[in-house]
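Residues per chain, in single letters:
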Amino acid sequence: MRPFACPNCRRLNHFEVRVCPSCKATLGYDPNTDAFRFLADGATVWRDGGGDVADMVVCYNNNAYRICNWLVGSHEATKLCRACRHNRTIPDLTEPTVPQRWARIESAKRRMIHTLLKLGLPLENRTEAAGLGVQGLAFDFLYDAAAEKAGTPRIVTGHDSGLITLNLIEADDAQRERIRNAMGEPYRTLLGHFRHEVGHHYWSRLVEPDPEEREACRAVFGDERIDYQQSLHTHYSDAPTRVWTDAYVSYYATAHPWEDFAETFAHYLHIVDVLATVGGFDLSLDAPTNGAAHLEVDVNFDPYTAETRALADAMAPLSFAMNAVNRAMGQPDLYPFHLSDAIVAKLDYVRKLVDKGRVRTQIHQVHVEAA
Ligand SMILES: [Zn+2]
Ligand SMILES: [Zn+2]
Ligand SMILES: [Zn+2]
């Protein structure tokens, strides 16, 4: 995502900001305008930089638990923001490590929801969805301390009919890294989990109800009617039958067409968000290539609506450069993946699906000027 300026002093801040480090104004994110609003000088009304006031209040999860920095319209029936109203179960906060883990989870979730809002995808919680007769999106955030201590986590992170369950074990860096190594994955993050699981939700929300779309999806990812449990069983067995070719974004994507779709959906969100960030900072690349020619890459387009080819053409060289920057700091690669033509074709299916599924005009793009 692009950087966000403090509406009071114009300092650029991260999306998680609650108090501007420069002017000390209290900040809150307004998902209706995709910009921050502020409270300063004892004011109780949220304002933007232009002096416009908004009839908004802080999200209940900000007031009660201090884990959210979004605002919600004071007239809305719920006192939970656009991101928090999808929570069905929150973890037992009396467990000592839980509040911090939950905060990390919420922060990753808000980034994922931000991209969904920017893409204009349908986004209903279960209450809103019931009225429309569609599948809503809900989250269960669960923690089983005893099982974690015994090394036998029984809560499985996954998706079922719009319900995403996330085991809080994933918010513990050491545990997540251990699982990443055991699974042989190049990348495992909370944000990645959200983007993958919400991919399953959008398969059920946008593909499943439409016979033609199901056929189109099958033509790209394979027939999802093959036995899912059996496929996963084979995938995790000592003799997996599928090989990771460059037609799949990850080894896990080979397990079943549903997983291939969810993994590809996650990568679409990864790429769009990385390019929106690069574009938001006006970063560009001008690197010598094999010959004398220079390769110039600019994100001078809107990644949320751009053609897949434009996304891939920018992402490949930019991610190579950003991987080099990360390696300069001894960090893992930012994007440890190769975008083959076969993967770009799958991403293109996802992009067209998103385009078709778009129900809202994108949230208002506010131009940021650095101070
Ligand atoms: Zn400020
Ligand atoms: Zn919230
Ligand atoms: Zn999955």
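Conventions and cut-offs
Think of each chain on its own: its residues are numbered from 1, step by step along the sequence as written. All chains are assigned letters beginning with A, and all ligands numbers beginning with 1, in the order in which they are written. Selection of residues for local features in this predicted model requires a pLDDT of at least 70, selection of side-chain atom pairs for listing and counting requires 80 or more, and totals for whole chains, interfaces and linings are taken over all residues. Secondary structure counts use DSSP, requiring at least four H or I residues in a row for a helix and at least two E residues in a row for a strand, with both numbered from the N terminus. Only C-alpha atoms enter the radius of gyration, while the globule expectation follows 2.2 Å times N to the 0.38, with N the number of residues. Exposed residues have 12 or fewer other C-beta atoms within 10 Å of their own C-beta, buried residues have 20 or more, and residues in between are partly exposed; the C-beta atoms are placed from the backbone. To form a nonpolar core, buried Ala, Val, Leu, Ile, Met, Phe, Trp, Tyr and Cys residues must be joined through C-beta atoms within 7 Å. Under the convention used throughout, the expected extent of a helix is 1.5 Å for every residue step, that is, one less than its residue count. We call two residues in contact when their backbone-placed C-beta atoms lie within 7 Å. Between any two strands, pairing holds if DSSP finds at least two bridges. Inter-axis angles, ranging from 0 to 180 degrees, are taken between N-to-C directions of lines fitted to C-alpha atoms, where helices are fitted over the stretch in contact. A residue's pLDDT is the confidence the predictor assigns to it, expressed on a 0 to 100 scale. For classification purposes, angles smaller than 35 degrees are called roughly parallel, those larger than 145 roughly antiparallel, those between 65 and 115 roughly perpendicular, and all remaining angles oblique. In the scheme used here, Gly and all other residues not listed as nonpolar or charged are polar, with Ala, Val, Leu, Ile, Met, Phe, Trp, Tyr, Cys and Pro taken as nonpolar and Asp, Glu, Lys and Arg as charged.

Asker: Hey, could you go over the overall build of the chain for me, with residue numbers and the actual values?
Answerer: The number of helices and strands found in the chain is eleven helices and 14 strands. Relative to the 2.2 N^0.38 estimate, which gives 21 Å for 371 residues, the radius of gyration of the chain is 21 Å and therefore close to what a compact globule would have. Seen through its C-alpha atoms, the chain measures out along the principal axes to roughly 65 × 60 × 45 Å. Relative to its 371 residues, the chain shows a buried fraction of 34%.

Asker: Help me get a handle on the nonpolar core, residues and values and all.
Answerer: One finds Cys 59, Trp 70, Leu 71, Cys 81, Phe 265, Leu 275 and Met 315 to be the most contacted residues of the largest nonpolar core, which totals 74 residues. Looking at which element gives the most residues to this core, the answer is helix H9 (residues 257–280), with twelve residues.

Asker: For helix H2 (residues 98–119), give the residues involved together with the corresponding values.
Answerer: Between its terminal C-alpha atoms H2 stretches 31 Å, which fits the 32 Å expected from 22 residues at 1.5 Å a residue. All of the buried residues in H2 are Trp 102, Ile 105, Glu 106, Lys 109, Arg 110, Met 112, Ile 113, His 114, Thr 115, Leu 116, Lys 118 and Leu 119. The secondary structure elements touched by the buried residues of H2 are strand S10 (138–142), strand S12 (163–167), helix H6 (190–207), H9 and helix H11 (341–357). Among the residues trailing H2, Gly 120 stands out with phi positive, at a value near 75°.

Asker: So what about the environment of Gln 230? Which residues, and what values?
Answerer: Structurally, the position occupied by Gln 230 is in helix H8 (residues 228–236). As for Gln 230 and Ala 255, which are separated by 25 residues in sequence, their C-alpha atoms are 9.7 Å apart.

Asker: Break down the sheet that holds S12 for me, citing the residues and quoting the values.
Answerer: Pairing within the open sheet is mixed, and its four strands lie in the order S9-S10-S12-S11. Strands at the two margins of the open sheet, each flanked by one partner only, are strand S9 (87–89) and strand S11 (158–160). Geometrically, the sheet is characterised by an average inter-axis angle of 30° between neighbouring strands, direction not taken into account. With two bridges connecting them, S9 and S10 associate as parallel partners. Bridging from a neighbouring strand, Thr 89 pairs with Asp 140 of S10.

Asker: Break down the confidence of the model for the chain for me, with residues and values.
Answerer: Considering every residue of the chain, the mean pLDDT works out to 92; 96% of them sit at 70 or more. Confidence drops under a pLDDT of 50 for residues 364–371, and excluding neighbours within four residues, the segment shows 16 contacts in the predicted structure.

Asker: Can you explain the packing of H9 against H11? Please cite residues and give values.
Answerer: One way to put it is that H9 packs onto H11 with a least axis distance of 9 Å and a crossing angle of 75°. On the basis of the axis angle, H9 is roughly perpendicular to H11. Here H9 contributes Thr 264, Phe 265, His 267 and Tyr 268 to the contact with H11, which in turn contributes Lys 346, Leu 347, Val 350 and Arg 351. Of the residues contributing to the contact of H9 with H11, the split by class is four nonpolar, two polar and two charged.

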